[in-house]
Every structure is written in C-alpha cells, then in structure tokens.
Amino acid sequence: MSAEASGQRPVAGGPPAAGLPASDFRPPASRYADLHLHTHFSDGTFSPEEVVQRARRAGFSALALTDHDTVEGCERMATACAAAGIEFITGTELTAELADIELHLLAYFIDPHHPRFLREIERFQGVRQNRIREMVARLNGINVPLAVQDVFALANCRSPGRPHVARALVQAGLCGSLDEAFERYLKKNRPAWVPKAKMSALEAIQLVHEAGGLAVMAHPGLNKSDDVIPELVAAGMDGIECFHTKHSTSTSERYLMIADQHKLLVTGGSDCHGKSKGKPLIGTIKLPYTHVDKLKQRLARQLAPAK
Ligand code: AMP
Ligand code: ZN
Ligand code: FE
Ligand code: FE
C-alpha cells in the first residue's frame, strides 16, 4: 500500500519532509480508523454488518459511519462493532454550501436522538426524495422511460441520491454502466441534473455542535472550497479530512499544512460506498488512531462546563 493511501504521514516515523510541520511526525501507529463510510442507509451497497465484517478483516480498531443526511444505520453499526471489538463513532455526512460553493461536512459523535438535528436531516431527506422525482421527470421528459417507483424500490432508504438513479437506469437496461448514466444524464448540467437545496455550512457547524458533535470538512481536495476554509474555521469547524481515497499524496500534505495553520483536527477515511463504484474502498485509508484520540480530547474540552 502506498503512503498516500495509508493515511499515515508519507514518512511517518522519519524526519519531516521539507516544509511539513515537525509536530506531525511520530512512529508508525499500530491501531487504525476509517472515519468515512457509507451503507445502504444512503448510497452505499453494504449493510452496516458487512462493513464491520470487512473492517474487522482489514484490522481496524475504530470506525465512523457517515451516511449522507442520516444516522439511521448507526444503531446497527454500533451493535456490529461492539460484537467485533471495534470502537464505533456515530456520524453523518451533510451536504452544505457557503458562498455558492458546495462542500461536505462530516459530523462525528453527534447524539443520534437529538431532536433538532433529526428534524433538520429529515428535512434534507425530503429534499433528496423530491429531487429523485424531479430527476426522473426530466428523464421521462427526454423519453427515458424510468419509473420513479423503481428508483425508490432500489434505493430502499430515506436518503436517496443520484447513484440510485444511476443504478436504476442500469438495472432497467437504459444505460450500460453507472458512469454512462452520470455522463449522459446525471452530471452537473446534463439533462436530468437537478440542483440540490443545501444546508448553510455555518448553520450546519452550529447544528453539529448543538447535537454534541464535531464538524469536519470532508474531502476538501474534491470541492474547490479552499477559499472558504478561514470562514469555516471562524465559525468553529473542528477538523479537516486530510486523508481520502481520492487525495493524492501532495493533496493530503497540502491539507495537513492547512490543518496545522488553522489548528484543525486531522481525519481520514475511505469514503467506501460498497460495490457501487467497483472494488470496495474500505482498507485504502488507515488513519492512525492517535487522530481519534485528538478528536475525543477536543470533544471533552467542548463538553466541559465553562469555568
Ligand atoms: P448526490 O448526493 O445525489 O448529488 O450524489 C452524489 C453521489 O454521486 C456521491 O456519492 C458521488 O460519489 C456520486 N457520483 C458523482 N459523480 C459520479 C460518477 N460520475 N460516477 C459514479 N458516481 C458518481
Ligand atoms: Zn455517497
Ligand atoms: Fe462527500
Ligand atoms: Fe462520502
């Protein structure tokens, strides 16, 4: 496995590479976490139990479930993790925006029963369901005969997304592959693309804190969102996902520098969606457990009563 994919610093245990903060260099870790995982409670294909089974085989000590706009799978994942001796962190991935820039916010350690948090994510589940109806209407409008009930039956969850439409198109024989479905119809500015109403990122950070959690910017390398990082930090954002399957080594290094500069926590995860995009990605990112310790230390400080 390459250093890039390992989630460890490229030269962990060795001297710092030129320009990288020395404080981040430490001996290789022996315990690892994957803090970015999806199940069939959103657009992943695995059940929580299948994710845990694979994570156990890959030797993980801690996992977070980050399904889009839902915490529904967390209870089952927690049970499966407990049985496998793996630490579980409740989470979700919120789609948010700031200054017209889309970004994804990972919420960790939130109370999965927090009433306002649940109300807000349910609102965005409704947005997702309406968006599916609109996408299918647009497909039908260009004579692609996809049935909306087939998409909902395939998705079988409250938080459906474009990948479900893509899979339904393939299943109905209307597209040859998921990539073709995105390329022809579902990508931004393609005929069936529908913009998604998003949460304000600043409000999302506040909401995550209110629900007792930490807010972390997901895969910044994929979102062209660097310019808004200072504003997110000022709003209390806690961390940044430096290690992600789609980050190159240099991208991870850049965000480690940014994390250092803004005193942000460092996270990482595979963003595994099961078999929806070919080979499952779980195991491609192994975040040293020390980062989980730091998340917990920050959480303890945030929850401590002010003196
Ligand atoms: P949505 O939240 O409904 O906008 O869907 C976003 C999901 O679609 C994410 O999980 C993306 O990884 C996935 N996605 C975006 N583009 C593609 C593509 N070209 N092929 C497969 N999946 C994609
Ligand atoms: Zn997804
Ligand atoms: Fe994402
Ligand atoms: Fe994700």
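Structural data are supplied above this passage.
Here's a quick rundown of the structure. In this text the structure is predicted, and so the values were computed from the model without any measurement.

### Details of the pairing of strand 8 (residues 239-244)
And then number 1: Of all six residues that make up strand 8, six are buried, and the element is covered over most of its length.
And then number 2: Inspection of the sheet shows strand 7 (residues 214-217) paired to strand 8 by two bridges, in the parallel sense. Note on strand 8: the bridge partner recorded for V216 is G239.
And then number 3: Crossover handedness for the path strand 7 to helix 9 (residues 229-234) to strand 8: right-handed.
And then number 4: Note that the unit made of strand 8, helix 10 (residues 249-262) and strand 9 (residues 265-269) has a crossover that is right-handed.

### Considering the coordination of the iron ion (ligand 4)
Geometry sets the ideal angles at a metal, namely 109.5 degrees for four tetrahedral donors and 90 or 180 degrees for six octahedral donors.
And then number 1: For the iron ion (ligand 4), the full set of protein donor atoms is H36 (NE2), H38 (NE2), E93 (OE) and D271 (OD), and the range of their distances to it is 2.1 to 2.2 Å.
And then number 2: Note that the iron ion (ligand 4) binds four donor atoms; their angles at the metal cover 76 to 161°, and the shape is irregular.
And then number 3: Within one chain, the residues donating to the iron ion (ligand 4) are spaced in sequence as H-x1-H-x54-E-x177-D.
And then number 4: In this structure, the iron ion (ligand 4) lies 4.5 Å from the zinc ion (ligand 2). Highlighted residues: E93 in strand 4 (residues 91-98) and D271 in the loop between strand 9 and strand 10 (287-288), separated in sequence by 178 residues.
And then number 5: Under the relative-accessibility criterion, D271 is labelled buried at 11%.

### Observations regarding helix 2 (residues 48-57)
And then number 1: Within helix 2, burial applies to P48, V51, V52 and A55. Buried residues along helix 2 cover an arc of 95° about the axis, so they all sit on one side.
And then number 2: In this structure, the buried side of helix 2 is in contact with strand 2 (62-64) and helix 3 (74-84).
And then number 3: Positive backbone phi, at 85°, marks G59, one or two positions downstream of helix 2.

About the cut-offs
Sequence order as written defines the numbering, with residues in each chain counted from 1. Written order decides the labels, with chains lettered from A and ligands numbered from 1. Local features are withheld for residues below a pLDDT of 70 in this predicted model, meaning they are given only at 70 or higher, and side-chain atom pairs are given and counted only at 80 or more; totals for whole chains, interfaces and linings count all residues. With hydrogens and water stripped out, all remaining heavy atoms of the structure feed into the side-chain values. For the exposure calls, accessible area comes from a 1.4 Å probe over protein chains only, and a residue counts as buried if that area is under 20% of its type's maximum, exposed if over 50%, partly exposed in between. Only DSSP runs of H or I reaching four residues or more are called helices, and only runs of E reaching two or more are called strands; each is numbered from the N terminus. At least two DSSP bridges between two strands are needed for those strands to be called paired. Look down the strands so they point away from you; if the path from the first strand over the helix to the second goes clockwise, the crossover is right-handed. Only nitrogen, oxygen and sulfur atoms within 2.8 Å of the metal, or 3.2 Å for Na, K and Ca, are treated as donors, and water is left out, so sites may look incomplete. A four-donor site is classed as tetrahedral when every donor-metal-donor angle falls between 85 and 135 degrees; four donors are called square planar, and six octahedral, when trans pairs exceed 155 degrees and all remaining angles lie between 65 and 115, with any other arrangement labelled irregular. As used here, the arc is the angular range of directions from the helix axis to the C-beta atoms. Residue contacts follow a heavy-atom distance rule, with two residues in contact if any of their heavy atoms lie within 4.5 Å.

Limitation: the analysis is restricted to geometry and does not speak to function.
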